[in-house]
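Spelled out from the first residue to the last, the chains are:
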Amino acid sequence: MIVGSKSSSDAARLVTPTMLVLWLVLATVPLWITKVGLYPYLGIEILIWSLYALAFNLVLGTAGLPSFGHGAYFGIGAYAFGLCQLDIVANLWICLTAAAVVAGLAGVLVALFISHRRGIYYAFMTIAFGQIFWTLAIKSHRITGGEDGLLKIKRLPADFGLVSFDLTDNVAFYYFVLAVFAVGTAALWRLVHSPYGRVVAAIRQSEVRASHLGYNVWLYKASVFALSAAVSGFAGGLFAMAQLAAFPDVMSLHQSGYVVMMTLVGGGLVSFWGPVIGVFLFLTARDVIGALTNAWMLYFGLLFIAIVLFRPEGIAGALSAAVQQHSLNALRRRGTSAMRLLVGGGR
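Note that the coordinates shown come from a computational prediction; the quantities given were computed from them, not determined experimentally.

## Regarding the layout of surface pockets
Gaps between atoms show up when a probe of the same size as a water molecule is rolled over them.
So, step 1. In this structure, the largest pocket encloses a volume near 470 Å³.
So, step 2. Along its surface, the largest pocket is lined by 24 residues, and Leu-22, Val-25, Leu-26, Ile-46 and Phe-280 are the ones closest to its centre.
So, step 3. Elements with a contribution of two residues or more to the lining of the largest pocket: α2 (17–27), α3 (29–32), α4 (40–62), α9 (170–192), α14 (274–288) and α16 (314–346).
So, step 4. For the lining of the largest pocket, the element with the highest residue contribution is α4, accounting for five residues.
So, step 5. Residue composition of the lining of the largest pocket, by class: 21 nonpolar, three polar and no charged.

Printed below as a string of structure tokens:
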């Protein structure tokens, strides 16, 4: 089960059965997505935003740090990819590396200022820095194109030396992003379940306790924020390829709020896969409900409120609880049956 509880054996693996099933299902998307009335580009968006949401969940779900300006690093990665392509070298791997490195450095800069804070002060400072980056993107017209965005970004070919793949077609680009998503999810899974990830999770439970155990809490908080920013920037680079442009809108406060909603609705606080569920639900609702009414966010907002009030663990947590309850009921039924046989046999 994607949302089920994770056994210790799964946590120790680099690739789990859940990952394999998910990747295989995603590999079939181009075969049926148009038949159900959806655009093929939606599949690309879901993969990119899922990688972004999983990166964001390193901070929110694993470390318990409320970052509400994370769209800044997604946007920085998009701009870094475009500027590298247009002004330095048109090489896919170099540009994607630039997207991750520049966003990661921005994350390091912010982490130096905020990692000694906690709670609401930490959250407000992430918003403040996010707004600073967003304003710089809009005002630096010569570099970023201002409100018009950075245009003429191309989908560079994936050159592996002996063979090169053209990514201009949406289907080809989808499978490239799927391959990146597969590597990214495996790496993030391993990171979360590594000794480093366990320390970060311990800090989420109690910074004071982790500090008393001898861990440098400030350093762990700063490093996980920078890692999250770097992966978010990498996803931003992919998004620039998908959009063929980079726009400041993705760095705004309300766009940063989207990834928070996706993660919480999906159940990122209790499940590694929660953000993926939230992204799928959010983007599908946008396209399906949005085709019927412009007020689609009203309905998703009501769903968000309902989940926060009645199922704060999110969809993944609710499904996991339902599976556990079903298993418990089955165990009780087996126990009752065994007891009846035992009593009947005694007679």
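We are not done yet, so read on.
## Re empty space enclosed by the protein
So, step 1. Going through the model one piece at a time under the given rule, you end up with three cavities of 30 Å³ or more.
So, step 2. Volume-wise, the largest cavity comes out at about 50 Å³.
So, step 3. Around the largest cavity, the lining residues are Val-29, Pro-30, Ile-33, Pro-40, Ile-44, Asn-170, Val-171 and Tyr-174.
So, step 4. The residue makeup of the lining of the largest cavity, split by class, is seven nonpolar, one polar and no charged.

## Thoughts on α4
So, step 1. Across its 23 residues, α4 extends 32 Å between first and last C-alpha, which sits within 8% of the 33 Å expected from 1.5 Å per residue.
So, step 2. The largest bend along α4 reaches roughly 40° and is located at Phe-56.
So, step 3. Among the 23 residues in α4, 22 count as buried, and that is most of the element.
So, step 4. Looking one or two places after α4, you find Gly-64, whose phi comes out positive at around 70°.

## Details of the nonpolar core
Across soluble globular proteins, you tend to see nonpolar side chains buried next to one another.
So, step 1. Counting 98 residues, the largest nonpolar core has Ile-48, Tyr-73, Phe-81, Leu-92, Phe-176 and Phe-181 as its most contacted members.
So, step 2. Tallying contributions element by element places α4 first for this core, with 15 residues.
So, step 3. Apart from residues no more than four positions distant in its own chain, Phe-81 is found in contact with Leu-92, Cys-95, Leu-96, Ala-99, Ile-153, Lys-154, Leu-156, Gly-237, Ala-240 and Met-241.

## Considering the packing of aromatic side chains
So, step 1. Following the criterion strictly, the structure yields 21 aromatic pairs and no others.
So, step 2. Ring centres of Trp-49 and Phe-74 lie 5.3 Å apart, and the angle between their planes is 45°; this geometry places the pair in the tilted category. Residue Trp-49 is located in helix α4, and its partner Phe-74 is located in helix α5 (residues 71–88); the two are separated by 25 residues in the primary sequence.
So, step 3. Residue Phe-74 is classed as buried on the basis of its relative accessible area, which comes to 0%.
So, step 4. A network of ring pairs unites the aromatic residues Trp-93, Phe-160, Phe-165, Phe-173 and Phe-176 as a single cluster.

Definitions and limits used
Residues numbered from 1 in each chain as written. Predicted model: local features only at pLDDT ≥ 70, side-chain atom pairs only at ≥ 80, totals over all residues. Heavy atoms only, no water. 1 Å grid on protein atoms, 1.4 Å probe; cavity = no way out; pocket = protein on both sides within 12 Å on 5 of 7 lines; lining within 4 Å. Points joined across faces, edges and corners; volume = space filled by probe spheres on them. Helix = DSSP H or I, 4+ residues; strand = E, 2+ residues; numbered from the N terminus. Nonpolar A, V, L, I, M, F, W, Y, C, P; charged D, E, K, R; others polar. Expected span 1.5 Å × (residues − 1). Bend = angle between axes of the 7 residues up to and from the residue. Buried < 20%, exposed > 50% of the residue type's maximum accessible area, 1.4 Å probe, protein only. Core = buried A, V, L, I, M, F, W, Y, C linked by side-chain atoms within 4.5 Å. Contact = heavy atoms within 4.5 Å. Phe/Tyr/Trp six-rings, centres within 6.5 Å; stacked < 30°, edge-to-face > 60°.

All quantities given are derived from atomic positions and should not be read as evidence of function.
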